[in-house]
Protein chains: 2
Amino acid sequence: MNQHQQRICTAPHSKVYTHCNDCRLNSICLPLSLEFSDIDKLDSIVQRGKPLQKGDNLYRSGDPFKAIYAIRSGAIKTWSSSRDGEEKVTGFYLPGEVVGLDGPAENIHINSAIALQTTSVCAIPFDRLEALSRQVPGLQRNLLQLLSREINSDQKQFNLLGRTSAEARVASLLLSVSARYERHQLSAQEFTLPMSRSDMANFLGLTLETVSRVFSSLQKRNIVSANRKDIVITEMLALRALTHKNGDETCR
Amino acid sequence: MNQHQQRICTAPHSKVYTHCNDCRLNSICLPLSLEFSDIDKLDSIVQRGKPLQKGDNLYRSGDPFKAIYAIRSGAIKTWSSSRDGEEKVTGFYLPGEVVGLDGPAENIHINSAIALQTTSVCAIPFDRLEALSRQVPGLQRNLLQLLSREINSDQKQFNLLGRTSAEARVASLLLSVSARYERHQLSAQEFTLPMSRSDMANFLGLTLETVSRVFSSLQKRNIVSANRKDIVITEMLALRALTHKNGDETCR
DNA sequence: CTGAGTATTTGACTTAAATCAAACAGTCGA
DNA sequence: TCGACTGTTTGATTTAAGTCAAATACTCAG
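Everything numeric here is computed off the predicted structure, so don't read it as measured data.

Here is what the cut-offs are and how they apply
- Residues numbered from 1 in each chain as written.
- Chains lettered and ligands numbered in written order.
- Predicted model: local features only at pLDDT ≥ 70, side-chain atom pairs only at ≥ 80, totals over all residues.
- Heavy atoms only, no water.
- Contact = heavy atoms within 4.5 Å.
- Buried area = accessible area lost by both parts, 1.4 Å probe.
- Salt bridge = Lys/Arg side-chain N within 4 Å of Asp/Glu carboxyl O.
- Polar contact = N/O pair within 3.5 Å; in protein donor to acceptor, adjacent residues only side chain to side chain.
- Core = buried A, V, L, I, M, F, W, Y, C linked by side-chain atoms within 4.5 Å.
- Buried < 20%, exposed > 50% of the residue type's maximum accessible area, 1.4 Å probe, protein only.
- Helix = DSSP H or I, 4+ residues; strand = E, 2+ residues; numbered from the N terminus.
- Pairing = 2+ DSSP bridges.
- Least-squares fit on C-alpha atoms with pLDDT ≥ 70 in both.
- UniProt positions renumbered as here; feature names shortened; annotations may be inferred.
- pLDDT = per-residue confidence, 0-100.
- Axes fitted to C-alpha atoms, helices over the stretch in contact; angles between N-to-C directions.
- Parallel < 35°, antiparallel > 145°, perpendicular 65-115°, else oblique.
- Left-handed = near helix turned anticlockwise from the far one by under 90°.
- Nonpolar A, V, L, I, M, F, W, Y, C, P; charged D, E, K, R; others polar.
- Near = heavy atom within 4 Å.
- Phe/Tyr/Trp six-rings, centres within 6.5 Å; stacked < 30°, edge-to-face > 60°.
- Lys NZ or Arg CZ within 6 Å of the ring centre and 35° of its normal.
- Domains from an automatic or database assignment.

Draft legend 1. Geometry of the interface of chain B and chain A. Taken together, the contacts link 46 residues of chain B with 46 residues of chain A. Both sides of the chain B and chain A interface together cover about 4300 Å² of buried area, and 52% of this is carbon and sulfur. Considering only the surface of chain B that becomes buried against chain A, Arg134, Leu144 and Phe158 of chain B emerge as the three largest contributors, covering 16% of it. Inspection of the region where chain B meets chain A yields two salt bridges. Where chain B packs against chain A, one counts 22 residue pairs in polar contact (both at pLDDT 80 or more).

Draft legend 2. Structural context of the nonpolar core. The biggest cluster of nonpolar side chains holds 44 residues, and the ones touching the most others in it are Ile68 and Leu129 of chain A together with Ile68 and Leu129 of chain B. Setting aside residues no more than four positions away along its own chain, isoleucine 68 of chain B makes contact with Val98, Val99, Gly100, Leu101, Cys122, Ala123, Ile124, Phe126, Leu129, Leu143 and Leu146 of chain B.

Draft legend 3. Looking closely at the pattern of salt bridges. Evaluation of the coordinates by the stated rule reveals twelve salt bridges over all chains. The residue lysine 77 of chain A makes a salt bridge to aspartate 199 of chain A at a minimum N-O spacing of 3.0 Å. Here the residue lysine 77 of chain A occupies a position in strand β4 (residues 76-81), and aspartate 199 of chain A occupies one in helix α6 (residues 197-204), the gap between them amounting to 122 residues. Overall, aspartate 199 of chain A belongs to the buried group, its relative accessible area being 12%. With its nearest N and O atoms 3.9 Å apart, the salt bridge here joins arginine 183 of chain B to glutamate 97 of chain B.

Draft legend 4. The arrangement of the pairing of strand β8 (residues 120-125) of chain B in detail. Residues and elements named next belong to chain B. With respect to burial, β8 is a largely interior element, six of its six residues being buried. In the sheet, strand β1 (residues 47-48) pairs with β8 via two bridges, with the strands oriented antiparallel. Within β8, the position partnered with glutamine 47 by the bridge is alanine 123.

Draft legend 5. Structural detail: the relation of the copies chain B and chain A. It takes a turn of 180° to lay chain B on chain A, together with a shift of 0.0 Å along the axis; the resulting RMSD is 0.0 Å. In short, the pair behaves as if placed about a two-fold rotation axis. A share of 98% of the interface residues of chain B reappears at the interface of chain A, consistent with the copies meeting face to face through the same patch.

Draft legend 6. Molecular detail of the UniProt feature "domain: HTH crp-type" (unreviewed entry) in chain A. Feature annotation in UniProt assigns "domain: HTH crp-type" (unreviewed entry) to the following positions: residues 164-237 of chain A. Counted over residues 164-237 of chain A, helix gives 54% and strand 15%. Its end C-alpha atoms are 19 Å apart.

Draft legend 7. A look at the confidence of the model for chain A. Residues and elements named next belong to chain A. The predicted model of chain A averages 85 in pLDDT, with 87% of residues at 70 or higher. Of the regions scoring below 50 in pLDDT, residues 1-15 engages in two contacts with residues more than four places distant in sequence or in other chains. Segment residues 246-252 is flagged for pLDDT under 50; beyond a separation of four residues in sequence, or across chains, it makes zero contacts in the model.

Draft legend 8. Layout of the packing of helix α5 (residues 166-182) of chain A against α6 of chain A. Residues and elements named next belong to chain A. For the pair α5 and α6, interaxial distance at closest approach is 10 Å and the crossing angle is 115°. Of the possible angle classes, the one that applies to α5 and α6 is roughly perpendicular. Note on packing geometry: the crossing formed by α5 with α6 is right-handed. Counting all contacts with α5, which are made through Arg169, Val170 and Leu173, the residues of α6 involved are Met200, Phe203 and Leu204. Looking at the contact of α5 with α6 residue by residue, the classes come out as five nonpolar, no polar and one charged.

Draft legend 9. Just the protein's contact with DNA strand D, in detail. In the vicinity of DNA strand D lie 20 residues, with Ala166, Thr210 and Arg213 of chain A together with Arg197 and Ser216 of chain B positioned nearest. Per the 4 Å cut-off to the protein, sugar and phosphate atoms form 60% of the nearby atoms of DNA strand D. Contacts to DNA strand D include glutamate 209 of chain A, whose side-chain N or O atom sits 3.1 Å from a base nitrogen. Ranked by the residues each element gives to the surface near DNA strand D, the list is headed by helix α7 (residues 208-220) of chain B, at five residues. Of the residues in the surface near DNA strand D, the class split is three nonpolar, eight polar and nine charged.

Draft legend 10. Focus on the protein's contact with DNA strand C. Around DNA strand C there are 19 residues in total, and Arg197 and Ser216 of chain A together with Ala166, Thr210 and Arg213 of chain B lie nearest to it. If you look at DNA strand C and keep only atoms within 4 Å of the protein, 66% of those are sugar or phosphate atoms. Between a phosphate oxygen of DNA strand C and a side-chain N or O atom of serine 212 of chain A, the distance comes to 2.9 Å. Here arginine 213 of chain A contributes a side-chain N or O atom positioned 2.9 Å from a base nitrogen of DNA strand C.

Draft legend 11. Up close: the packing of aromatic side chains. Here the structure, examined in full by the defined rule, presents nine aromatic pairs over all chains. Taking NZ or CZ as reference, arginine 197 of chain A lies 4.0 Å from the ring centre of phenylalanine 215 of chain A, over its face.

Draft legend 12. Seen up close, the sheet that holds strand β9 (residues 190-192) of chain A. Residues and elements named next belong to chain A. With antiparallel pairing, the three strands of this open sheet are ordered in space as β9-β11-β10. The sheet is open, and its two edges are formed by β9 and β10 (224-227), each paired on a single side. When the angles between neighbouring strand axes are averaged without regard to direction, this sheet yields 15°. Summarising the sheet, β10 and strand β11 (residues 230-233) pair through four bridges and their orientation is antiparallel. If you follow valine 224 over to β11, its bridge partner there is isoleucine 233. Where α5 meets the sheet, its contacts fall on β9, β10 and β11, and the angle it forms with β9 comes to roughly 100°. Along the sheet, helix α7 (residues 208-220) contacts β10 and β11; its crossing angle with β10, the most-contacted strand, is approximately 130°.

Draft legend 13. Molecular detail of the domain arrangement of chain A. All names here are of chain A. What the domain assignment reports for chain A is domain 1 (3-160) and domain 2 (164-242). Placing a centre on the C-alpha atoms of domain 1 and another on those of domain 2 gives a separation of 25 Å. The interface of domain 1 with domain 2 comprises 21 residues on the first partner and 18 residues on the second. Carbon and sulfur atoms supply 56% of the area buried between domain 1 and domain 2, which totals about 1700 Å² over both sides. In this structure, the connection of domain 1 to domain 2 is made through three salt bridges. Here glutamate 97 ties to arginine 180 by a salt bridge, and the two come within 2.8 Å at their closest N and O atoms. Our enumeration of links across domain 1 and domain 2 arrives at nine residue pairs in polar contact (both at pLDDT 80 or more). Residue assignment for the side of domain 1 that touches domain 2 shows that the elements contributing at least two residues are β5 (87-93) and α4 (137-161).

In structure tokens:
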């Protein structure tokens, strides 16, 4: 691991090339079941810049839409602000996920996207991706799937925001983050949340005090152990049970 | 109006042909800025069946994904049911709108879709639409826009479900339906809601009693006049003001 | 190492909406 | 036309989560 770290550090950091072929996320980020030659074509349009620092904007609401972004490491938060100045967190994006799919609708970004920690992304220029996906049938399909998945995951979020308890919402978010880290061979039980209590609360339609109280309660019941952003899920099944609207013990 | 009714009834009702060219919704449903010859191509793959009756399913959760559906008249409700049997209304779709965009992700429908009233749709087989959109660059763009719009409208819904008052939610839904009818030269002030209080409540993350109380309150204040599903918005500006989270009179 | 600033936790109290319950109003088939 | 049924309204009460407030625990720059 040290060796690996070192290799990256010694390279000029604006040129940390990884061919899509070699990227450990390639089966996830744009799940491209493409021929090798097609992956080369995709790789040739992907732009890898220097990492974003915590607090850097990837794009801001109103920016012209140029590219979608596959996250390689770190975490991105997207949010929109309404007329009355309120900010609403619309999503958290982890490695292997793609942000920026709000762009094609109006050719500008509706949301803003900001790095929650040091984050590196692959920018995929959308016009070139569109052109490429006319040539490569599988790619067009994958692109449509990508957008459709976003729709489905947004709609899942409705379930959460509509009439579920604060506890169910927090439990769902923890499990979602856990599952998403697990896909990358990371621990599903132990991880560090990239976002603050306040961001969680906003995303879940709660206040930060309520979120904090739920954490305290979960800890008291030995379901999770939470030290600030460091989370250990000790009772995965119990946590899952809490996501079912009525914490109904009978239907376990 | 009687005449019109009759004309439709005398024709074999499975063959009410309308070329996409002639459809009064064509600038809206698939906003296809296409050449005439391309519209012909699109028209050739569109399938127009007999209208759905109230309560008929357009598709059900788990059904293989074959087509997306442009609504010509009537109204469709989509909903998903979670493990614990709870049903969650995920959207209402009015004429000129497209349902079924949950399908491409997994090649099955995640949600179910049901007609809220007599409804006619154009089924657009997705594999043929995909093939066509490889040939017609503008069409590919429009298809991607369609999906991206759905993402954005879903995310707007987050704003509503997260921490806004019952009144703001109901007001937003009324205004949304109003605006969507207005696009079809219908009155923005007077219309008939296609859905029940219970559906509204479910969609908005409220109980039907609360929705009913909000209607009563709006009526008492002469902002809207509501007789069951028949709505007259008498004070459009006042209604708009209610959608801003804090019914703050200062920032009017 | 210190102190300002930010994030989080905890407590006391309030409130908006849920729940429970009952009445009322349309709808539709027999 | 009646009566069952479904959808809607209204009222009384409860409760989960919000609000306000203060203490505590980190973080990071100097």
